[in-house]
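So the chains spell out like this:
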Amino acid sequence: MWCLAGVLAAALIAPPLAPTARPCRPPRAHPSLSALSALEDSLLSCASGKEAIDLFKRLETAAPPPRDLLSSPEAAARLNGRWVLEATVAALDGTDDLALKGVEGAVNASGLVVPTDQSKKPVQQIDVKALRIGNEIELSLPLGIKATLRVAGSFRADARDGRRALVEFDSLDLFTPGGRRLVRAGFVFDVIRRLRPSLSEGEAGASWLQTTYLSDRLRLGRGNKGSIFVLSRSLDDGGPLSAWPL
């Protein structure tokens, strides 16, 4: 079994695979599709580019979720489950105007940045009843070793906007691809918060994720780092970590 330091060091130096950009399929009118569904199809057809950002903005403007999203049981139920990260695009720091800087091959959790294996997309799981959220990341380690890293934490609704979840990460687990847990190291986040107090909940640098569009199959969001996220509902029925609750 690897020591935690070795695993994290290997993960942090492993270069992410470069994403392949593809043109967006223009929205097409279809008798069985609503205008929003057509926009969703077009957005899901492209992984990056200014067209994708434009489609993202059009969807979140056309049908924003209710402001009480996280406090309304009926509305929040649509958030429940597992979501595949289709694309994440970085924004210019300090501005609200999104500009393409590339699809990132990493997931940031309270200052811990881990490159992902782009051959398998990251998954985000939300348990509204338990107020827990987790990110599952596939890692390609040296010697061809594969592993799954999950970072998870609690969340609560922002009192100023119920669509924004304030997240406090508190667990880090490493699993085999088959779901056997190898390492648990939640103390990592305690250390990070002590070294960087600004990452604590309520501080300017704390983690948050705001849902800006939500349908049965697509979720769009913005994060505290200025990035935007495009996620589609997963149909993997719990995945390999289903035996390990968030």
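Above this text sits the structure in question.
The rules we used
Residues numbered from 1 in each chain as written. Predicted model: local features only at pLDDT ≥ 70, side-chain atom pairs only at ≥ 80, totals over all residues. Heavy atoms only, no water. Helix = DSSP H or I, 4+ residues; strand = E, 2+ residues; numbered from the N terminus. Polar contact = N/O pair within 3.5 Å; in protein donor to acceptor, adjacent residues only side chain to side chain. Contact = heavy atoms within 4.5 Å. Buried < 20%, exposed > 50% of the residue type's maximum accessible area, 1.4 Å probe, protein only. Core = buried A, V, L, I, M, F, W, Y, C linked by side-chain atoms within 4.5 Å. Phe/Tyr/Trp six-rings, centres within 6.5 Å; stacked < 30°, edge-to-face > 60°. Lys NZ or Arg CZ within 6 Å of the ring centre and 35° of its normal. Pairing = 2+ DSSP bridges. 1 Å grid on protein atoms, 1.4 Å probe; cavity = no way out; pocket = protein on both sides within 12 Å on 5 of 7 lines; lining within 4 Å. Points joined across faces, edges and corners; volume = space filled by probe spheres on them. Nonpolar A, V, L, I, M, F, W, Y, C, P; charged D, E, K, R; others polar.

Colleague: Residue-level account of the side chain of Glu-138, with values.
Modeller: Checked against the element boundaries, Glu-138 lands in strand S5 (residues 132–140). Polar side-chain contacts of Glu-138 include one of 2.9 Å to the side chain of Thr-148.

Colleague: Talk me through the environment of Phe-229; I want residue IDs and the actual numbers.
Modeller: Along the chain, Phe-229 turns up in strand S11 (residues 228–233). Spatially, the C-alpha atoms of Phe-229 and Phe-56 are 9.1 Å apart, while their sequence positions differ by 173 residues. For Phe-229, the residues in contact, after removing those within four places along its chain, are Phe-56, Leu-85, Ala-87, Thr-88, Leu-209, Arg-219, Leu-220, Gly-221, Arg-222 and Gly-223.

Colleague: Which residues make up helix H2 (residues 35–44), and what are the values?
Modeller: Among all positions of H2, only Ala-38, Leu-39, Glu-40, Ser-42 and Leu-43 are buried. Those residues of H2 hidden inside the fold are in contact with helix H3 (50–62), strand S9 (207–214), strand S10 (218–223) and S11.

Colleague: Let's hear about unusual backbone geometry: which residues, and what values?
Modeller: A positive phi is found at Leu-131, a non-glycine position, where the angle reads about 55°. Among the structural elements, Leu-131 can be located in the loop between strand S4 (123–127) and S5. Residue Leu-131 is classed as partly exposed on the basis of its relative accessible area, which comes to 37%. Although it is not a glycine, Leu-143 adopts a positive phi angle of roughly 65°.

Colleague: Which residues make up the nonpolar core, and what values go with them?
Modeller: Judged by nonpolar contacts, the single largest core of 30 residues is most densely connected at Leu-79, Ile-126, Ile-133, Leu-139, Phe-155, Leu-172 and Leu-174. Of all the elements in the fold, those that place two or more residues in this core are helix H4 (73–76), strand S1 (81–89), S5, strand S6 (146–158), strand S7 (161–175), strand S8 (181–184), helix H5 (187–195) and S9. Counting residues per element, this core draws most heavily on S7, which supplies five residues. Ranked by size, the runner-up nonpolar core spans 15 residues in total, among them Leu-39, Leu-55, Phe-56 and Leu-220.

Colleague: Now, about the packing of aromatic side chains: what can you tell me, with residues and values included?
Modeller: Within the structure shown, the criterion is met by one aromatic pair. Between Arg-164 and the ring centre of Trp-208, over which it is positioned, the NZ or CZ distance is 3.6 Å.

Colleague: Lay out the pairing of S1 with the relevant residues and their values.
Modeller: Of all the nine residues making up S1, seven are buried; the element is thus mostly covered by neighbouring parts of the structure. Sheet analysis places S1 next to S4, joined by four bridges and oriented antiparallel. In the strand pairing of S4, Val-84 is matched with Val-123.

Colleague: Please set out empty space enclosed by the protein residue by residue, giving values where relevant.
Modeller: All told, the structure shown has two cavities of 30 Å³ or more when counted by the stated rule. Taken as a whole, the second largest cavity holds about 80 Å³ of empty space. Contributions of two or more residues to the lining of the second largest cavity are made by S7 and S9. The class makeup of the residues in the lining of the second largest cavity is seven nonpolar, one polar and two charged.

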